[in-house]
Amino acid sequence: ELLHPHVIAFFEAVVRDQALGLRLEEITLGPQAPLTGKPLGEVNLHDTTRALLIGVREPAGEVLFNPAREHVLHPGAVLLVLGSGEDIARVRQRAG
């Protein structure tokens, strides 16, 4: 049963529609990454990269969806981000 057709259509567009130019990527934070040790509110990822942070998987395995601005990023955390190729490249650069 299709309960949320708009949600499904959105994710299909993200995955399949190359005209949108969007990608959903996972990026692991390196030990010396400029993003590590800082709260998300200070990092201001969207304003500096234009990528949307959907979730974080912490090194211990905890998964956070739409993490709070107070959440501090740790080395080895995996960021789930949505954005253009250029947006993703900017996140990768900051993820060290």
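Look a little higher up for the structure.
Residues numbered from 1 in each chain as written. Predicted model: local features only at pLDDT ≥ 70, side-chain atom pairs only at ≥ 80, totals over all residues. Heavy atoms only, no water.

Peer 1: Explain the overall build of the chain to me, please; I cannot follow it from the model alone.
Peer 2: Looking only at helices and strands, the chain has 4 helices and 4 strands in total. Tracing the chain from N to C terminus, the helices and strands come up as α-β-α-α-β-β-β-α. In terms of its C-alpha atoms, the chain occupies a principal-axis envelope of roughly 40 × 30 × 20 Å. Restricting the contact set of the chain to residue pairs at least 6 apart, pairs at least 24 apart contribute 67%. Carbon and sulfur atoms provide 55% of the accessible area of the chain, an area that totals close to 6200 Å². (Helix = DSSP H or I, 4+ residues; strand = E, 2+ residues; numbered from the N terminus. Contact = heavy atoms within 4.5 Å. Areas by Shrake-Rupley, 256 points an atom, 1.4 Å probe, with all protein chains shown as cover.)

Peer 1: Would you explain the environment of Gly37 in this entry?
Peer 2: Summarising the element assignment, Gly37 is placed in the loop between β1 (22–28) and α2 (40–43). Those residues in contact with Gly37 that sit more than four places away from it in its chain are Val72 and Leu73.

Peer 1: Explain the sheet that holds β1 to me, please; I cannot follow it from the model alone.
Peer 2: Paired through their backbone hydrogen bonds, the strands of a sheet run either parallel or antiparallel. If you trace the 4 strands from one edge of the open sheet to the other, you get β1-β4-β2-β3, paired in antiparallel fashion. Edge positions in the sheet fall to β1 and β3 (63–65), since each of these pairs with one other strand and no more. Each strand of the sheet is rotated relative to its neighbour by a mean of 20 degrees, with strand direction disregarded. Sheet analysis places strand β2 (residues 52–57) next to strand β4 (residues 78–84), joined by 5 bridges and oriented antiparallel. Paired with Arg57 across the bridge in β4 is Val78. On the sheet, helix α4 (residues 85–95) packs against β1 and β4 and is oriented at approximately 150 degrees with respect to β4. (Pairing = 2+ DSSP bridges. Axes fitted to C-alpha atoms, helices over the stretch in contact; angles between N-to-C directions.)

Peer 1: Explain the side chain of His71 here, please?
Peer 2: Among the secondary structure elements, His71 is positioned in the loop between β3 and β4. For His71, a relative accessible area of 16% corresponds to the buried category. Within the structure, His71 has its side chain in polar contact with the side chain of Glu58 (distance 2.5 Å). Every residue in contact with His71, bar those within four places of it in the chain, is listed here: Lys38, Pro39, Leu40, Val56, Glu58 and Leu64. (Buried < 20%, exposed > 50% of the residue type's maximum accessible area, 1.4 Å probe, protein only. Polar contact = N/O pair within 3.5 Å; in protein donor to acceptor, adjacent residues only side chain to side chain.)

Peer 1: Looking at this model, I keep getting lost on the pattern of salt bridges. Mind explaining?
Peer 2: If charged atoms from side chains of opposite charge come close, those side chains can pair. Enumeration according to the criterion identifies 3 salt bridges in this entry. Measuring nitrogen to oxygen at the nearest pair gives 3.0 Å for the salt bridge that ties Glu25 to Arg92. In this pair, Glu25 sits in strand β1 while Arg92 sits in helix α4, placing the two residues 67 residues apart along the sequence. Here the salt bridges do not stand alone but share partners, grouping Arg23, Glu25 and Arg92 into one network. (Salt bridge = Lys/Arg side-chain N within 4 Å of Asp/Glu carboxyl O.)

Peer 1: Would you mind showing me how to read the nonpolar core here?
Peer 2: Within soluble globular proteins, side chains that are nonpolar generally end up buried alongside one another. Grouped together as the largest cluster of nonpolar side chains are 17 residues, with contacts concentrated most on Leu29, Leu73, Leu79 and Val81. Elements with a contribution of two residues or more to this core: α2, β2, β4 and α4. Considering each element in turn, this core owes the most residues, 3 residues, to α4. Ignoring sequence-local partners within four residues, the contact set of Val81 consists of Arg23, Leu24, Glu25, Ile27, Leu45, Ala51, Leu52, Leu53, Ile88 and Val91. (Core = buried A, V, L, I, M, F, W, Y, C linked by side-chain atoms within 4.5 Å.)

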